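Next come the chains, spelled out residue by residue.
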Amino acid sequence: MGAVLVDPAGRIVARAGNRTRELADPTGHAEILAIRSACAALGSERLPGHDLYVTLEPCPMCASAISQARIARLYYGAGDPKSGGIAQGPRIFAHSQSHHVPEVYDGIGAGEAERLLKAFFLGRRG
Ligand SMILES: [Zn+2]
């Protein structure tokens, strides 16, 4: 599980993997860690115009954080029937209380998203 955040200029501003065990933190999902890192660097609680790329469909907690952060576009690689919260389960973005809904692109298998995620995981292995 990995997440990469790209700013409106196309620069990678944060990348993260799941670290719940390592951090002893149930909120330590890749998306949350990437959002925290990008927000801290920007000095803002919002990330307008940013794109988030993740390997798997985000869970309900992360979907809500993506909405709170006002992320513009979400790309994910595969649906997650067990824990996903966007195309299944609670479908967070479909709720009227979701005040910001990103553009969602699921099933990404080619192009920029794949390139970014591959670069991210190759970087971690190296
Ligand atoms: Zn999550």
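If you're wondering where the values come from, they're calculated on a predicted model, not measured in any experiment.

Visitor: An account of the nonpolar core is needed here, citing residue identities and associated values.
Guide: By size, the foremost hydrophobic cluster in this structure holds 26 residues, and its most contacted members are L5, I35, L47, L52, I71 and L74. Only β1 (2–6), β2 (12–17), α2 (30–42), β3 (51–56), α3 (60–68) and β4 (73–78) provide two or more residues apiece to this core. No other element matches the seven residues that α2 contributes to this core. L47 has contacts with L5, I35, A38, C39, L42, A69, R70, I71 and A72, leaving out every residue within four places of it along the chain. Membership of the second largest hydrophobic core comes to five residues, among which are V4, Y53, Y75 and I108.

Visitor: Lay out the sheet that holds β3 with the relevant residues and their values.
Guide: Here we have five strands laid out as an open sheet, ordered β2-β1-β3-β4-β5, and mixed in their pairing. Each edge of the sheet is formed by a strand with only one pairing partner; in this case those strands are β2 and β5 (103–106). Within the sheet, the average angular offset between the axes of one strand and its neighbour, ignoring direction, is 15°. Both β1 and β3 contribute to a ladder of four bridges, which runs antiparallel. Bridge pairing in β3 links A3 to V54.

Visitor: Describe the pattern of salt bridges, listing the residues and the values that go with them.
Guide: When the charged atoms of two side chains with opposite charge come close together, those side chains can pair. Applying the stated criterion across every chain, the model contains four salt bridges. When the shortest N-O distance is used, the salt bridge between R11 and D7 registers 2.9 Å.

Visitor: Would you mind going over the coordination of the zinc ion in detail, with residue names and values included?
Guide: Binding of the zinc ion to the protein goes through H29 (ND1), C59 (SG) and C62 (SG), at separations of 2.0 to 2.3 Å. Donor residues for the zinc ion, ordered by position in the chain, follow H-x29-C-x2-C. Taken together, the positions of H29 in the loop between α1 (20–23) and α2 and C62 in helix α3 put the pair 33 residues apart, joining distant regions of the chain. Classification of C62 by relative accessible area gives buried; the value is 0%.

Visitor: I'd love a proper account of α3, names of residues and values included.
Guide: Every buried residue belonging to α3 is among C62, A63, A65, I66 and S67, and all of these are buried. The inward-facing, buried residues of α3 contact α2, β3 and β4. R70 lies just past α3 and shows a positive phi near 60°.

What counts, and where the lines are drawn
- Residues numbered from 1 in each chain as written.
- Predicted model: local features only at pLDDT ≥ 70, side-chain atom pairs only at ≥ 80, totals over all residues.
- Heavy atoms only, no water.
- Core = buried A, V, L, I, M, F, W, Y, C linked by side-chain atoms within 4.5 Å.
- Buried < 20%, exposed > 50% of the residue type's maximum accessible area, 1.4 Å probe, protein only.
- Helix = DSSP H or I, 4+ residues; strand = E, 2+ residues; numbered from the N terminus.
- Contact = heavy atoms within 4.5 Å.
- Pairing = 2+ DSSP bridges.
- Axes fitted to C-alpha atoms, helices over the stretch in contact; angles between N-to-C directions.
- Salt bridge = Lys/Arg side-chain N within 4 Å of Asp/Glu carboxyl O.
- Donors = N, O, S within 2.8 Å, 3.2 Å for Na, K, Ca; no water.

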